[in-house]
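Overview (structure and organization)
Here's the letter readout for the chains.
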Amino acid sequence: MEKILYTLNKFAGLLNGVETEKEMLIRLIASIAVIAVGIIFRKQISKGIIFAVTKLFFRKSVKAQNAIKTCLIKPLSCFIGILVIYIGIEILLPVGTVHTTAVLVLKIAVICIVAWFAFAFINSDYSFIKHDDESNAKKTAEKFISNVTKAAIGVIAGLLILEQFGISASRIFAALGIGGVAVAFACKDAVENMLSGFIIIFDKPFEVDDFIEINGDSGTVKDIKIRSTRLVGVDGCEKVYPNTMIANSSIINWTKMDKRALSETLWISYSHSGEEVVKFCDEIKKILAENESILPDDIRVNFTKYGTHALEISLFCYTDKTAIADFLKVKNDVNVSIKEYADNSEMALSFESKTLFFGNELSVKK
């Protein structure tokens, strides 16, 4: 017992604000108790705080309450754990270097946890943007605005953390002012891409989930970020385009179309009579008219050309299926139906072929 008291007395002498071993022992017990209780019950405390906040400020919005609960539970639980450790240190060491360091860590933790909650809330399903559920405009605007907001939160959090180390934002901007021209030149592309992103959002040439074509390259829009727009190609690969390039390019938005043209060229053998050709065209029209995805207003099947190897039949119509997967299925169904009819009616579909003739070797005169 004497050794323990001697150790506490010696340890107390090393700590600022603690004068005797008895005070040191009381502070140590209280500190351990606060930390233990806080760590054990931090989840229950978090749930209680969240319940009070949601009922007090978001009573009318169930969606907002769910978003707050989902996004705040982990950051708040983590913060309570850090807070009780700080309180334990505050009880044990009211002054001194350790106390000063604990205050600094707590301030940084508060900044990081607030940023954590903000990121989680932005990524949640809750939105302040009013929208029509049948349009993707809301999803596109939300993705871009959330990316810009998260970048701004990250910058602000970084500046606030630097402030805790005595590096003020004004000093940073002053330092940037010294090399302002170089920094502006380095950031030129980033700023252009961000402004182009705003142009894309407000001009709305396309939205998230639209199938578009840019300079002959096509894909489904996955996301519009601050710097770039991401497309998923038909083959599944992800394509990243700078927003500046997209804003200055010709864009075809296949999803925005009410209908999509379907055209094919068929070739039938010269051995068929004119009557058979007319019947073939009429039957193809019937096949197209019977397809529910083909619009009946403008169906054209015509004998258009005497080809070098066969008679050319041009097929043209519109389908209301504009998405690439649905359009290709319609095209497949039409081609299969035509092939089945041709096989059953013994109409010979032709294809281009070439025959090469090789002459005898040239005789060489002596």
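As shown above, the structure is provided for reference.
None of the values given here were measured: they were computed from a predicted structure. (Residues numbered from 1 in each chain as written. Predicted model: local features only at pLDDT ≥ 70, side-chain atom pairs only at ≥ 80, totals over all residues. Heavy atoms only, no water.)

Brief notes about the sheet that holds strand 7 (residues 294-306)
If you walk across this open sheet you meet the three strands as 6-8-7, and the pairing is antiparallel. At either end of the open sheet lies a strand with only one pairing partner, and these are strand 6 (260-268) and strand 7. Averaged over all adjacent pairs, the angle separating strand axes in this sheet is 15 degrees, with direction ignored. Summarising the sheet, strand 6 and strand 8 (residues 311-319) pair through nine bridges and their orientation is antiparallel. Looking across to strand 8, one finds that Glu264 is bridged to Leu315. Where helix 12 (residues 324-345) meets the sheet, it contacts strand 6, strand 7 and strand 8, and its direction lies at approximately 25 degrees from that of strand 6. (Pairing = 2+ DSSP bridges. Helix = DSSP H or I, 4+ residues; strand = E, 2+ residues; numbered from the N terminus. Axes fitted to C-alpha atoms, helices over the stretch in contact; angles between N-to-C directions. Contact = heavy atoms within 4.5 Å.)

Quick notes on the environment of Val330
One can find Val330 in helix 12. Note: C-alpha distance between Val330 and Ile294 (36 residues apart in sequence) is 8.2 Å. Beyond its immediate chain neighbours, meaning those up to four positions away, Val330 contacts Leu262, Ser293, Ile294, Thr319 and Lys321.

Considering the pairing of strand 4 (residues 238-242)
Of the two faces of strand 4, only the one carrying Lys239 and Tyr241 is buried; Glu238, Val240 and Pro242 on the other face are not. Bridge count between strand 3 (residues 228-232) and strand 4: five bridges; the pairing is antiparallel. Looking across to strand 4, one finds that Ser228 is bridged to Pro242. Remark: five residues form the turn of the hairpin made by strand 3 and strand 4, two consecutive strands paired antiparallel; Gly236 in that turn has positive phi of roughly 95 degrees. (Buried < 20%, exposed > 50% of the residue type's maximum accessible area, 1.4 Å probe, protein only.)

Examining the environment of Leu349
As for its placement among the helices and strands, Leu349 is situated in the segment after helix 12. Once the C-alpha coordinates of Leu349 and Ala310 are considered, the two residues, 39 residues apart in sequence, prove to be 8.8 Å apart. Among all residues touching Leu349, those that are not within four sequence positions of it are Trp267, Ile268, Phe280, Lys339 and Ala342.

Considering unusual backbone geometry
Despite not being glycine, Asp209 has its phi angle at roughly 80 degrees, a positive value. Within the secondary structure, Asp209 is located in the loop between helix 9 (188-203) and strand 1 (211-214). In the Ramachandran plot, Glu346 falls in the positive-phi region, its phi being about 60 degrees despite a non-glycine side chain. Among the secondary structure elements, Glu346 is positioned in the segment after helix 12.

Some thoughts on the sheet that holds strand 5 (residues 251-253)
Within a sheet, each strand pairs with its neighbour through backbone hydrogen bonds, oriented either parallel or antiparallel. The strand order across the open sheet built from five strands is 4-3-2-1-5, with neighbouring strands paired in antiparallel fashion. Edge positions in the sheet fall to strand 4 and strand 5, since each of these pairs with one other strand and no more. Neighbour to neighbour, the strand axes of the sheet diverge by 40 degrees on average, direction disregarded. Here strand 1 pairs with strand 2 (residues 217-224) via four bridges, running antiparallel. Bridging from a neighbouring strand, Glu213 pairs with Ser218 of strand 2.

Comments concerning a nonpolar patch on the surface
A surface patch of nonpolar side chains, amounting to about 450 Å² of accessible area, comprises Val37, Ile40, Phe41, Ile45 and Ile49. Broken down by secondary-structure element, the contributors of at least two residues to the nonpolar patch are helix 2 (21-40) and helix 3 (42-57). Relative to the elements of secondary structure, Ile45 occurs in helix 3. Residue Ile45 is classed as partly exposed on the basis of its relative accessible area, which comes to 37%. (Patch = residues over 30% accessible without salt bridge, like charges linked within 9 Å, V, L, I, M, F, W, Y side chains within 5 Å. Areas by Shrake-Rupley, 256 points an atom, 1.4 Å probe, with all protein chains shown as cover. Salt bridge = Lys/Arg side-chain N within 4 Å of Asp/Glu carboxyl O.)

Describing the packing of aromatic side chains
Under the definition given, this model contains four aromatic pairs. With a centroid separation of 6.4 Å and 15 degrees between ring planes, the pair formed by Tyr270 and Tyr306 is classed as stacked. With Tyr270 in the loop between strand 6 and helix 11 (274-290) and Tyr306 in strand 7, this residue pair connects regions lying 36 residues apart in the sequence. When its relative accessible area of 41% is taken as the criterion, Tyr270 is described as partly exposed. (Phe/Tyr/Trp six-rings, centres within 6.5 Å; stacked < 30°, edge-to-face > 60°.)

Here's the deal with the packing of helix 11 against helix 12
The geometry of helix 11 relative to helix 12 is characterised by a closest axis approach of 10 Å and an angle of 140 degrees between their N-to-C directions. As far as their axial angle goes, helix 12 and helix 11 are oblique. Helix 11 and helix 12 meet at a crossing whose hand is right-handed. Where helix 11 approaches helix 12, its residues Lys279, Phe280, Glu283, Ile284, Ile287 and Leu288 are matched on the opposing element by Val334, Ser337, Ile338 and Tyr341. Here the residues of the contact of helix 11 with helix 12 are counted per class, giving seven nonpolar, one polar and two charged. (Parallel < 35°, antiparallel > 145°, perpendicular 65-115°, else oblique. Left-handed = near helix turned anticlockwise from the far one by under 90°. Nonpolar A, V, L, I, M, F, W, Y, C, P; charged D, E, K, R; others polar.)

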